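If you want the building blocks of each chain, they are given just below.
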Amino acid sequence: MAKVFVGILSGAVDDCVIVAVKSILNFIYLVSLHSHSRTTLRLLQQALDDFHAAKDVFIELEARSAAHFNIPKIHSMEHYTELIELFGSADGHNTESPERLHIDYAKEAYRASNKRNYTIQMVKWLRRQEAVNQFAIYLDWHRQCQL
């Protein structure tokens, strides 16, 4: 799907949108390489820099507000080049675990609230969930000791 995304957008949106989208897609393709060289890391950083140079188009088109452009996935991209240099390629890395944790711990906690002063209720719900999880771990440990 991503391979045809720029082609679909071409002619339908502003050229700055194309530059921003193309930069992100280049970043995604480069980061998924199984091995990296100085050249690929330089290209990776350039793709990210190009995105940051073009991302204001989303604010101008009111697709995103300036106050709400602090997106964790975009922020994490800032660290990829350095982390690849330190630890090697990011083979098989994906964001499913953090997304799943967000669903489990933020969305379910919010759903358990009455939607008023929800932050306090969410914290209380999370503390209770952690206590239940810790007790379950203790019970499992206790059963293992009994065997």
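Just so you know, these numbers come straight off a predicted model, no measurement behind them.

1. Examining the pattern of salt bridges
Point 1. Within this structure, the stated rule accounts for one salt bridge.
Point 2. Between Asp140 and Arg143 there is a salt bridge whose closest N-O contact spans 3.1 Å. Within this pair, Asp140 and its partner Arg143 are both found in helix α8 (residues 118-146), separated by three residues, close to a single helical turn.
Point 3. Taking the relative accessible area as the measure of exposure, Asp140 reaches 44% and is therefore partly exposed.

2. A word on the nonpolar core
Point 1. Counting 10 residues, the largest nonpolar core is built from Phe27, Leu30, Val31, Leu41, Leu44, Ala47, Leu48, Met77, Tyr80 and Ile84.
Point 2. Those elements giving two or more residues to this core turn out to be α2 (15-31), α3 (38-54) and α6 (80-87).
Point 3. A per-element tally of this core places α3 first, with four residues.
Point 4. Not counting the four nearest positions on each side in its chain, Ile84 is found in contact with Val31, His36, Leu41, Leu44 and Ser89.
Point 5. One finds Ile18, Val21, Leu25 and Val57 within the second-largest nonpolar core, a separate group that totals six residues.

3. Describing the confidence of the model for the protein chain
Point 1. When pLDDT is averaged along the protein chain, the result is 85; 90% of the residues meet or exceed 70.
Point 2. The spread of mean pLDDT over the elements of the protein chain runs between helix α1 (residues 2-9), the lowest at 67, and α3, the highest at 94.

4. A short note on a nonpolar patch on the surface
Point 1. Taken together, the side chains of Phe135, Tyr138, Leu139 and Trp141 present a nonpolar region at the surface, about 430 Å² in accessible area.
Point 2. The topology assignment puts Phe135 in helix α8.

5. With respect to a negative patch on the surface
Point 1. Residues Asp14, Asp15, Asp56 and Glu60 make up a contiguous surface patch of negative charge.
Point 2. Checked against the element boundaries, Asp56 lands in helix α4 (residues 56-60).
Point 3. Residue class for Asp56 comes out partly exposed when judged on its relative accessible area of 42%.

6. Remarks on the packing of aromatic side chains
Point 1. Tallying each qualifying case throughout the model produces four aromatic pairs.
Point 2. Pairing Tyr110 with Tyr118 gives two aromatic rings, centres 5.1 Å apart and planes at 80 degrees, and the pair type is edge-to-face.
Point 3. Put simply, the rings of Phe135, Tyr138 and Trp141 touch in pairs and so form one group of aromatic residues.
Point 4. Lying across the ring of Tyr110, Lys115 places its NZ or CZ 5.2 Å from the centre.

7. What about the packing of α2 against α3?
Helix-helix packing is described using two parameters, namely the angle between the two axes and the distance between the axes.
Point 1. Close contact between α2 and α3 brings their axes to 8 Å; oriented N to C, the two are set at 150 degrees. Judged on the interaxial angle alone, α3 and α2 are roughly antiparallel. Relative to α3, α2 is oriented so that their crossing is left-handed. Residues Cys16, Val19, Ala20, Ser23, Ile24, Asn26, Phe27, Leu30 and Val31 of α2 pack against Thr40, Leu43, Leu44, Ala47, Leu48, Asp50, Phe51 and Ala54 of α3.
Point 2. Here the contact of α2 with α3 is composed, by residue class, of 13 nonpolar, three polar and one charged.

8. Considering the side chain of Thr40
Point 1. In this structure, Thr40 sits in helix α3.
Point 2. Classification of Thr40 by relative accessible area gives buried; the value is 15%.

Calculation criteria
Residues numbered from 1 in each chain as written. Predicted model: local features only at pLDDT ≥ 70, side-chain atom pairs only at ≥ 80, totals over all residues. Heavy atoms only, no water. Salt bridge = Lys/Arg side-chain N within 4 Å of Asp/Glu carboxyl O. Helix = DSSP H or I, 4+ residues; strand = E, 2+ residues; numbered from the N terminus. Buried < 20%, exposed > 50% of the residue type's maximum accessible area, 1.4 Å probe, protein only. Core = buried A, V, L, I, M, F, W, Y, C linked by side-chain atoms within 4.5 Å. Contact = heavy atoms within 4.5 Å. pLDDT = per-residue confidence, 0-100. Patch = residues over 30% accessible without salt bridge, like charges linked within 9 Å, V, L, I, M, F, W, Y side chains within 5 Å. Areas by Shrake-Rupley, 256 points an atom, 1.4 Å probe, with all protein chains shown as cover. Lys, Arg positive; Asp, Glu negative; His and termini not counted. Charge placed at Lys NZ, Arg CZ, Asp CG, Glu CD. Phe/Tyr/Trp six-rings, centres within 6.5 Å; stacked < 30°, edge-to-face > 60°. Lys NZ or Arg CZ within 6 Å of the ring centre and 35° of its normal. Axes fitted to C-alpha atoms, helices over the stretch in contact; angles between N-to-C directions. Parallel < 35°, antiparallel > 145°, perpendicular 65-115°, else oblique. Left-handed = near helix turned anticlockwise from the far one by under 90°. Nonpolar A, V, L, I, M, F, W, Y, C, P; charged D, E, K, R; others polar.

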